[in-house]
Amino acid sequence: MKLVVVSAGLSVPSSTRLLADRLAAATGRYTSVDVQVVELRDLAVEIAHNFTSGFPGRALSAALEAVTGADGLIVVTPVFSASYSGLFKSFFDVLDQDALTGKPVLIAATGGSARHSLVLEHALRPLFAYLRAVVVPTAVYAASEDWGAEGLAERIDRAAGELGRLMEGLGSGAGAVRRAEVADTAGAADKADASVVVDTDTAAAIAPRSLDGALASADRFTVIPFEQQLAALRP
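So, how was this worked out
- Residues numbered from 1 in each chain as written.
- Predicted model: local features only at pLDDT ≥ 70, side-chain atom pairs only at ≥ 80, totals over all residues.
- Heavy atoms only, no water.
- Helix = DSSP H or I, 4+ residues; strand = E, 2+ residues; numbered from the N terminus.
- Contact = heavy atoms within 4.5 Å.
- Buried < 20%, exposed > 50% of the residue type's maximum accessible area, 1.4 Å probe, protein only.
- pLDDT = per-residue confidence, 0-100.
- Axes fitted to C-alpha atoms, helices over the stretch in contact; angles between N-to-C directions.
- Parallel < 35°, antiparallel > 145°, perpendicular 65-115°, else oblique.
- Left-handed = near helix turned anticlockwise from the far one by under 90°.
- Phe/Tyr/Trp six-rings, centres within 6.5 Å; stacked < 30°, edge-to-face > 60°.
- Pairing = 2+ DSSP bridges.
- Right-handed = clockwise from strand over helix to strand, strands pointing away.
- Core = buried A, V, L, I, M, F, W, Y, C linked by side-chain atoms within 4.5 Å.

Engineer: Got a minute to help me understand the overall build of the protein in this structure?
Structural biologist: A count of helices and strands for the protein gives nine helices and nine strands. A separation of at least 24 residues holds for 74% of the contacts in the protein among residues at least 6 apart in sequence.

See below:
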């Protein structure tokens, strides 16, 4: 699976990038991922030009495609004026509004004081909820005093575990979603044959005896007539 890390750090070296790298490494312990890092610092000029011209440059276009095609995202921003940085927000402003729909996202931030930690819940989480992403429950904030102190490693591991498991879960259901879309199209063409797509493991657990014949398929998913499903659920 493809994990894209978006880092909005400005300095070199950057504590924002350090946190992003640690989160990506921790996620890799929970699921197999190919990691790609998008450094927004390198895209600042192209992002500004995109606002005025309406067209992304080559590097920005590649970054937007990477984010859109990712199976999961880690996004990390420094805190400026009690919120995410303008560069961070600008990148997601030029991203297609549907690009993050249903995509697992781990949000994180860095700052000079622990007093800014609420930026995660008051700024980042609402932003990605608006973009219809699936934001993991644990967000990670690292103040200057957190580096080397107790607690940060545990928060990183917990958040990474949630992201890894969410990516695994949504990844395993991707085929079911695609098949469901095909079934919906077929149903629209022939309303008389009402059917839905069912995960055969789930169907077998619900009615192992009455659905044995219908589930005898080489594919893990099969189309079960709707009326047959209703009959299987009746006592």
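Here the narrative resumes.
Engineer: Just to check I follow, could you spell out the environment of alanine 153 for this structure?
Structural biologist: Tracing the chain through its elements places alanine 153 in helix H6 (residues 152-172). Judged by relative accessible area, which is 39%, alanine 153 ranks as partly exposed. Along the backbone, alanine 153 and valine 140 are 13 residues apart, and their C-alpha atoms lie at a distance of 9.9 Å.

Engineer: Looking at this structure, how should I read the confidence of the model for the protein?
Structural biologist: In low-pLDDT regions, the fine details of the predicted coordinates are not to be read closely. On average, residues of the protein carry a pLDDT of 82, and 73% of them reach 70 or more. Here residues 174-183 is a poorly scored stretch, pLDDT under 50, and it has six contacts once near neighbours within four places are set aside; other chains count. Predicted confidence is poor over residues 185-219, with pLDDT under 50, and the contacts of this stretch with residues over four places away or in other chains come to 45 contacts.

Engineer: Sorry if this is basic, but what is going on with the packing of helix H2 (residues 44-53) against helix H4 (residues 86-94) here?
Structural biologist: Packed helix pairs are characterised by how far apart their axes lie and by the angle those axes make with each other. With their axes 10 Å apart at the nearest point, H2 and H4 run at an angle of 50 degrees to one another. In terms of orientation, H2 lies oblique with respect to H4. Considering the relative orientation of H2 and H4, their crossing is left-handed. The residues of H4 that touch H2, namely those facing Ala44, Ile47, Asn50 and Phe51, are Leu87, Ser90, Phe91, Asp93 and Val94.

Engineer: How do you make sense of the packing of aromatic side chains when you look at a structure like this?
Structural biologist: Describing an aromatic ring pair means giving the distance of the ring centres and the angle of the ring planes. Tallied over the full model, the rule gives five aromatic pairs. Taken together, a centroid distance of 5.0 Å and an interplanar angle of 55 degrees make the contact between phenylalanine 88 and phenylalanine 92 tilted. With phenylalanine 88 and phenylalanine 92 both in helix H4, this residue pair falls four residues apart, about one helical turn. The burial state of phenylalanine 88 is the same as that of phenylalanine 92; both residues are buried. Ring centres 6.2 Å apart and planes at 70 degrees place the aromatic pair phenylalanine 88 and phenylalanine 128 in the edge-to-face group. Placement of the pair is phenylalanine 88 in helix H4 and phenylalanine 128 in helix H5 (residues 119-130), with a sequence separation of 40 residues. By relative accessible area, which is 0% here, phenylalanine 128 ends up buried. A network of ring pairs unites the aromatic residues Tyr84, Phe88, Phe91, Phe92 and Phe128 as a single cluster.

Engineer: Just checking my understanding: could you explain the pairing of strand E2 (residues 34-39) for this structure?
Structural biologist: Working note: regular strand, side chains alternate between the two faces of the sheet. As judged from the six bridges shared by strand E1 (residues 2-7) and E2, these two strands associate in the parallel manner. Each residue of the ladder has a partner; that of valine 6, found in E2, is valine 38. One crossover worth recording links E1 to the parallel E2 by way of helix H1 (residues 15-27), and it is right-handed.

Engineer: What's the story with the nonpolar core in this structure? I'm lost.
Structural biologist: Across soluble globular proteins, you tend to see nonpolar side chains buried next to one another. Membership of the largest hydrophobic core comes to 40 residues, with the highest contact counts inside it found for Phe88, Phe91, Phe92 and Phe128. Of all the elements in the fold, those that place two or more residues in this core are E1, helix H3 (58-69), strand E3 (72-80), H4, strand E5 (104-111), H5 and strand E7 (140-143). No other element matches H5, which puts six residues into this core. If sequence neighbours within four positions are ignored, phenylalanine 128 has contacts with Val75, Phe88, Phe92, Leu100, Val105, Ile107, Ala133 and Val135.

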